[in-house]
Amino acid sequence: MKYNNNLLRVLAITVCAASLISSCKPKNAGSAVDAGAAAKAYVPPGKYDQFYNFVSGGFSGQMSVYGLPSGRLLRVIPVFSVDPEKGYGYSEESKPMLNTSHGFVPWDDLHHTELSQTNGEIDGRWVFGNANNTPRVARIDLTTFRTAEIIELPNSAGNHSSPFITENTEYVVAGTRFSVPPDNVNGDVPINTYKQNFKGYISFISVGKEDGKMDLAFQIECPGVNFDLSHAGKGKSHGWFFFSCYNTEQANTLLEVNASQKDKDFIMAVNWKKAEEYLKAGKGRKVAAKYARNRYNEKSHTATSEILNEVTVLDAKELKDICYFMPCPKSPHGCDVDPTGEYIVGSGKLAALIPVFSFDKMQKAIADKAFEGEFEGIPVIKYDAALHGEVKKPGLGPLHTEFDGKGFAYTTFFVSSEVVKWNIKDLAVVDRVPTYYSVGHLCIPGGDTKKPTGQYLIAYNKITKDRYLPTGPELAQSAQLYDISGEKMQLILDFPTIGEPHYAQAAPADLIKNRSVKFFKIDENTNPYVAKGEPEAKVVREGNKVHVYMTSIRSHFAPDNIEGVKLGDEVYFHVTNLEQDWDVPHGFAVKGAANAELLIMPGETQTLKWVPNRTGIFPMYCTDFCSALHQEMQGYVRVSPAGSNVPLTFSIGTNKPAADPVPAAAAPAK
Ligand code: CUK
Ligand code: CUA
């Protein structure tokens, strides 16, 4: 998310001049950390971290995993973007993961991570991520740290208020940021017919209790506005979902001006339990749609993609009691619900206060019909009727809020570059710390659940001028770790992040580490091209396709000499890693391959497609330093002309007789 700086600068200057805050940028950048602070983030060599921190990669499309409090980068999980390092999106097995109704899409923009919950607490089973650009939701399996499933969302564009979940992971919810004409109508309309033709869809994706499998359960058709962020109700508000909406002006051009006209936009409250009732009562309408669902099978080590053709839609305009709008000042961004489920915080990017809504008051307002009118057929609750109160003069450019479970909320301020701690009940600001600089999201482990662990807070910053060594025009985005166990927040660590971090969540290490898969059992490998031992290694020609059933084990491939490949052939290297030991991947690469390497985990089979474009000898080798004789882990493929009669042969350890007369050019000098 990048803000238009002019508008915010104007706002900043105005508000600063009014001396709400004496300075817009923290002054004491260099002296913010006291000597004892570093020890709090120090995890001695050989010791594990206390938390896994799952951080969205923004425009990298990936998710990265850090240890907390050390800030050590543990892994980058490829989700929506190809990753040549791991072969994700390049191996034949993983390519279907990135299939969509638009075909193979190799990149996306991942903003939010959300850990699965049971009874409103993180359960450490899965982490979900959203694709903003080509709307999708991914589920990552935390036993393998790999993307297990991706589902596309029809009728959506800019899947931003996503993937937020209900307290028992009943649903992953996703709201469209860009309203667009629905997929099943002719979308070839003038752009300036936004008000008539554009709609906003909210998607409810059900999640299998045991296996996590995702289905698009239903969508709710809402007025055309921008849905920005969301969070589920919890406890007393379980059964409700809250979405921030901006561009209620319904502008279609120059939004920085035209979508900043109104004093108040909305938080939309959705009664999804009610929506379920309507669904059961047959009030949904089935509409044609086209969206992909891709699943990775860890037995066949293969992804499959299917295209689905239908979705059930509920109309918020007809079914009057599933959606309500609460007025919320000035283009709200973050929409956060406190651990009790009673308070809903809306963060107006251009507002000089933070409104806090009360779930109980909202319920009463609905019962009393305390409405100020309707917006596009949806009731608008009176602001004061649902309001718990306002945090006055908290800072500039509020974005996101998390909670510590001790009665305090922590809100980030992009423009004034700070995190502000305030009391949820009396709305008094009790502490503020600078960030370096322009903080976006923040994370308190468990901070959006019923049970936050109020020990650390991490701020994810957009700008790091003067914090790190320069690296050309682009500087690393940065996370900053604060100790929040005391009354005052204390900065203890900076660490750079992968891509641009938006939302992040963290889980206690104990929930995840003991369930981590160490290797795949070779006996259970059902890949159709597996070779479960060297005797099964072979090369098979099917027309112009050459299938190499190859094994890898320290420190050789079988076979390692292949002849009889011809120009015009497509060669498929199906490499099975025979190791049955933790952390012994083998790599595979062949000269001239136009895609990537493979990185094959123990017990797994992965396939690299290679189309040689010239004759000659092509070395292949292991890319992962697996053993003392890793450098010996290599082989050769001979490629002959299209019409050649060199027979297809393969071998290891034995020199077959030369299959044809040695060409003069290669003949040894006599
Ligand atoms: S957004 Cu980036 S700082 Cu896409 Cu959740 Cu607010
Ligand atoms: Cu196998 Cu290096």
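The structure reproduced in this document is the subject of the present report. Here the structure is a predicted model, which means the values were calculated and not measured. (Residues numbered from 1 in each chain as written. Chains lettered and ligands numbered in written order. Predicted model: local features only at pLDDT ≥ 70, side-chain atom pairs only at ≥ 80, totals over all residues. Heavy atoms only, no water.)

1. A closer look at the sheet that holds strand E11 (residues 171-175)
If you walk across this open sheet you meet the 10 strands as E6-E7-E8-E9-E17-E18-E13-E12-E11-E10, and the pairing is mixed. The open sheet terminates on both sides in strands that have one partner only, identified here as strand E6 (110-118) and strand E10 (161-165). Going from strand to strand, the sheet's axes swing by 25 degrees on average, the running direction of each strand aside. Of the strand pairs in this sheet, E10 and E11 are connected by three bridges, and their pairing is antiparallel. (Pairing = 2+ DSSP bridges. Helix = DSSP H or I, 4+ residues; strand = E, 2+ residues; numbered from the N terminus. Axes fitted to C-alpha atoms, helices over the stretch in contact; angles between N-to-C directions.)

2. Topic: unusual backbone geometry
Cis geometry is found at the peptide bond from Leu68 to Pro69, where omega equals 15 degrees. Checked against the element boundaries, Pro69 lands in the loop between strand E2 (63-68) and strand E3 (73-77). A cis geometry characterises the amide bond from Tyr436 onward to Tyr437, with omega recorded as -15 degrees. Of note, Tyr437 is situated in the loop between strand E29 (429-434) and strand E30 (439-443). Although it is not a glycine, Thr169 sits at a positive phi angle of roughly 55 degrees. Note that Thr169 resides in the loop between E10 and E11. On the basis of relative accessibility, which here comes to 4%, the residue Thr169 falls in the buried class. Look at Ser417: it is not a glycine, yet its phi comes out positive at around 50 degrees. On the accessibility criterion, Ser417 (0% relative accessible area) is buried. (Buried < 20%, exposed > 50% of the residue type's maximum accessible area, 1.4 Å probe, protein only.)

3. Quick word on the pattern of salt bridges
This model, assessed by the stated rule, comprises 35 salt bridges. For Asp483, the salt bridge identified is with Lys40, shortest N-O distance 2.7 Å. Of this pair, Asp483 sits in strand E32 (residues 478-483) while Lys40 sits in helix H2 (residues 37-41), and the two are 443 residues apart along the sequence. Accessibility expressed as a relative area gives 37% for Lys40, which makes it partly exposed. With its nearest N and O atoms 3.3 Å apart, the salt bridge here joins Arg72 to Asp49. Taken together, the residues Arg72 in the loop between E2 and E3 and Asp49 in the loop between H2 and strand E1 (51-56) connect sequence positions 23 residues apart. (Salt bridge = Lys/Arg side-chain N within 4 Å of Asp/Glu carboxyl O.)

4. Description of the layout of surface pockets
Taken as a whole, the largest pocket encloses approximately 1,300 Å³ of empty space. Along the walls of the largest pocket sit 43 residues, with Arg75, Thr144, Phe145, Ser516 and Trp582 positioned nearest its centre. Of all the elements, E3 adds the most residues to the lining of the largest pocket, at four residues. Grouping the constituent residues of the lining of the largest pocket by class yields 22 nonpolar, nine polar and 12 charged. (1 Å grid on protein atoms, 1.4 Å probe; cavity = no way out; pocket = protein on both sides within 12 Å on 5 of 7 lines; lining within 4 Å. Points joined across faces, edges and corners; volume = space filled by probe spheres on them. Nonpolar A, V, L, I, M, F, W, Y, C, P; charged D, E, K, R; others polar.)

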